[in-house]
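# Observations on the model geometry
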Amino acid sequence: MAQEQAIIRLEELEKRYDLGGEAEVRALRGIDLVVRPGSYVAIMGPSGSGKSTMLNLIGCLDRPTSGRYFLGGTDVSAMPDDELSEARGSGIGFIFQSYNLIAQLTVIENIQVPLLYQGKDLDAAHDHCVQLAQTVGLGDRLHHRPNQLSGGQQQRVAIARSLVNDPLLILADEPTGNLDSRTGVEVLELIDQLNARGKTIVLVTHDERIATRAHRVIHMKDGLIEREIVNRPEPSQG
Amino acid sequence: MKLTSFPFFSTIRLGIKSLLLHKLRSVLTMLGIIFGVCSVIAMLAIGEGASYQAQEEIKKLGSQNIILRSLKPVDDANRADAGRGTSLEYGLTYDDGARIQATVPGVIRVLPIRIIRENVRFARSSVACQILGTLPTYQAIVGLDIVKGRFLAETDDLNQDNVCTVTEGLAGRLFAFQDPLLQSIKINSFYYRVVGVVRERNMPEQRTQPGKTEGEPLDNNVYIPLSTARSRFGETLVRRRAGSIEMERVQLHQMTVQMRDVAAVEAADPQIKGLLDRFHKQNDYETIVPLQLLRQAEQTKRIFNIVLGSIAAISLLVGGIGIMNIMLATVTERTREIGIRRALGAKRRHITVQFLVETVVLSIGGGLVGVVLGIMVPFVVSRVTDMPTIVTPWSVLLAFSISGAVGIVFGLYPAKAAAKLDPIEALRHE
């Protein structure tokens, strides 16, 4: 039953990079982690601790060398490339440090990109996309290009984009790293709101203050979970 | 696995959008294809036009005809004799015609022609002409259009009448403002009544005429009955040249053998040669088989087309390489975008299709412009140079489909390269 309740379940997850010859980097050395739906988890750690590698694995952008990863109850650790794409597209929303918007597309078009690969009708989804843009406060900038927006606005477009397929899980990789503290707070508040509406959030950060917003903070070191701090109780499952 | 339907139109829209983002680059890339397609169509059109002209002329000689022509033998001994004033006897004879008619299967009729070069006089004007002594069937076999009056008739030949039919050009030169049908012309010491004006259907300038002098109008033909020609001119032609008299005895200058059908022509050609060679000790005649000429012309055309086509195809190939080059650069430039799309759920084939669509749009777009130019260029060429050009639909189709194929073939590699990128690596790309 516990397996059904976990949106993310990592079992003995390892990731090794073969650098040719004898050299080998063990980025993850056996991670066990369970994230329940609706919780907000922050991952912290110095660079090289394996937190980005873990986020890539959780985001289905990469496959573990060994161990298992269940996303919403499905084992995705050995899925072929196409199915991983499917899992990313339909189940996960990404928020990146550098926003990663497509430069030649407008705000509304950027929000629509994930729909494209789910084979959804863009015209039918148009109102939904506009609504998302309004939610993040960009209802009046639908036809602007990313280079006409400020960093905070761009990150809010990325947040709207991450929501368009209504995923259960949202992964944020240093979402405020490129923002000044005031806009950073605005973005973080948006993320808080998402969590309040039931989205599971996994956030990677350097900043202790940001991490305090999460239910749990996981500290990583040398490819292992060093310690785990519970800030506040996770929402109970019904 | 859920098979997601393909966002086909939005992919094309996206492709065009990304191409428009770099207008100059896209146009320059397209130029290779434009010139390639244009040159394929234009070159084939020029080749086709050139061979068409030759073929039309050969066709007018009649594909079911075999033409025999008397030749002055190239023989030193004879030439020395002729120089001393004795007459030189050579060429086709009436007997040859009768033998062909009697022995070669499939012959409908043999049309004998005597050709005499003489001045024709009317009133005060005198025009150097070619007098053709022939039978009434000439009109049907060679192809004459009656402009006025009639051609020679059977009775003219039977009665050895002094009647003649003249070509349109000659009529214009002799009887400027008078009705030719009311006039008589004088050749040597005899008058011939004009009974008709005709126009030769096969362009007369294409027919090599014996003893043709340059700078002379080519359609000054006078047709008289064969029997009349025989009795009025005899068989010995005397030509006075500076210091010497040249005499030739030639019965017939030309014979056109009309065969039952095209199939009989090729069988009959060696038979006629074999038959005539028994009676002709020297090589004093030639045979012209329009059908074979036509085949040769077609063969030449094919080679011509292949050569021109391959030159043009090479330029298409170069255009394709240009597209591939640019697309590879584009893939590198847009690595980040590929990473983003992959992270947002794009499968490899989505990325492949996205880039393939761009190359295909480039090459098809270039192909379309190339087709338009390729149709215009031959038109301009024929206007400027007077050279006939024919744009055949198949050459347009060929060039266009090659341009499409070039887009797919040369687009596939960059598109595959784009799809193969690791999403994490691509996302990290600056």
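Rules of the game
Residues numbered from 1 in each chain as written. Chains lettered and ligands numbered in written order. Predicted model: local features only at pLDDT ≥ 70, side-chain atom pairs only at ≥ 80, totals over all residues. Contact = placed C-beta atoms within 7 Å. Helix = DSSP H or I, 4+ residues; strand = E, 2+ residues; numbered from the N terminus. Core = buried A, V, L, I, M, F, W, Y, C linked by C-beta atoms within 7 Å. Buried ≥ 20, exposed ≤ 12 C-beta atoms within 10 Å, placed from the backbone. Pairing = 2+ DSSP bridges. Axes fitted to C-alpha atoms, helices over the stretch in contact; angles between N-to-C directions. pLDDT = per-residue confidence, 0-100. Expected span 1.5 Å × (residues − 1).

Residue-level contacts link 22 residues of chain A with 23 residues of chain B. Elements with a contribution of two residues or more to the side of chain A that touches chain B: α3 (81-91) and α4 (107-116) of chain A. Of the residues forming the side of chain A that touches chain B, the biggest block, eight residues, is contributed by α3 of chain A.

On to the nonpolar core, then. Residue and element names in this part refer to chain B. Among the nonpolar cores identified, the biggest contains 115 residues, and Val37 and Ile41 are the most heavily contacted of them. With near-sequence residues (within four places) excluded, Ile41 lies in contact with Val371, Gly374, Ile375, Val391, Ser395, Val396 and Ala399. Among the nonpolar cores identified, the runner-up in size contains 55 residues, and Val142, Leu170, Ala229 and Leu237 belong to it.

As a further point, take the sheet that holds strand β10 (residues 224-230) of chain A. Residue and element names in this part refer to chain A. Strands sit in the order β6-β7-β8-β3-β9-β10 across an open sheet of six strands; the sheet is mixed. At either end of the open sheet lies a strand with only one pairing partner, and these are β6 (92-95) and β10. Going across the sheet, the axis of each strand differs from the next one's by a mean of 20°, ignoring polarity. Sheet topology places strand β9 (residues 216-221) next to β10; six bridges connect them, and they run antiparallel. Each bridged residue has a counterpart across the sheet, and for Val217 the counterpart in β10 is Ile229. Across the sheet, helix α2 (residues 51-58) is in contact with β3 (40-44), β7 (169-173), β8 (200-204) and β9; its angle to β8 comes to roughly 150°.

Here the focus is the pairing of β6 of chain A. Residue and element names in this part refer to chain A. Burial of β6 is two-sided: the residues Ile92 and Phe94 facing one way and the residues Gly93 and Ile95 facing the other way are all buried. Relative to β7, β6 runs parallel, the two being bridged by four bridges. When the sheet's bridge partners are listed, Gly93 is paired in β7 with Ile170.

Moving on, we get to the confidence of the model for chain B. All names here are of chain B. Put simply, chain B has an average pLDDT of 83, and 90% of its residues get 70 or more. Note that residues 1-5 has pLDDT below 50 and, in this model, eight contacts with residues that lie over four places away or in other chains. Taken as a whole, residues 203-217 scores under 50 in pLDDT and shows 12 contacts with residues more than four places along the chain or in a different chain.

Right, let's get into the sheet that holds strand β4 (residues 66-71) of chain A. What links the strands of a sheet is backbone hydrogen bonding, and the strands pair in either a parallel or an antiparallel sense. Residue and element names in this part refer to chain A. Pairing within the open sheet is antiparallel, and its four strands lie in the order β2-β1-β4-β5. Here the strands that pair on one side only, and so sit at the sheet edges, are β2 (24-35) and β5 (74-75). Bridge count between strand β1 (residues 8-18) and β2: nine bridges; the pairing is antiparallel. Within β2, the residue paired with Leu10 across the bridge is Leu33.

Residue and element names in this part refer to chain B. Structurally, Glu200 can be placed in strand β8 (residues 190-200). With 19 C-beta atoms counted inside 10 Å, the residue Glu200 sits in the partly exposed group. For the pair formed by Glu200 and Thr167, sequence separation is 33 residues and the distance between their alpha carbons is 7.4 Å. Leaving out residues up to four positions away in the same chain, Glu200 has contacts with Leu144, Thr167 and Asp219.

Let's shift gears to unusual backbone geometry. All names here are of chain A. In the Ramachandran plot, Tyr99 falls in the positive-phi region, its phi being about 65° despite a non-glycine side chain. Following the sequence through the fold, Tyr99 ends up in the loop between β6 and α4. A residue is classified by how many C-beta atoms lie within 10 Å of it, and Tyr99, with 23 of them, is buried. Not every positive phi belongs to a glycine, and Asn100 is a case in point at roughly 55°. With respect to the element layout, Asn100 can be found in the loop between β6 and α4.

In this section: the environment of Leu190 of chain A. As for its position among the elements, Leu190 of chain A is in helix α7 (residues 181-196). Aside from chain neighbours lying at most four places away, what touches Leu190 of chain A is Val136, Arg156 and Ile159 of chain A.

Bringing helix α6 (residues 151-163) of chain A into the picture now. For the α-helix, the turn length of 3.6 residues means that residues three or four positions removed from each other point alike. All names here are of chain A. Under the 1.5 Å per step criterion, the end-to-end length of α6 is 19 Å for 13 residues, consistent within 8% with the ideal 18 Å. Among the 13 residues that make up α6, 11 are buried, leaving the element largely enclosed by the rest of the structure. All of the buried residues along α6 are Gly152, Gln154, Gln155, Arg156, Val157, Ala158, Ile159, Ala160, Arg161, Ser162 and Leu163. For α6, the secondary structure elements touched by its buried residues are β6, α4, α5 (122-135), β7 and α7.

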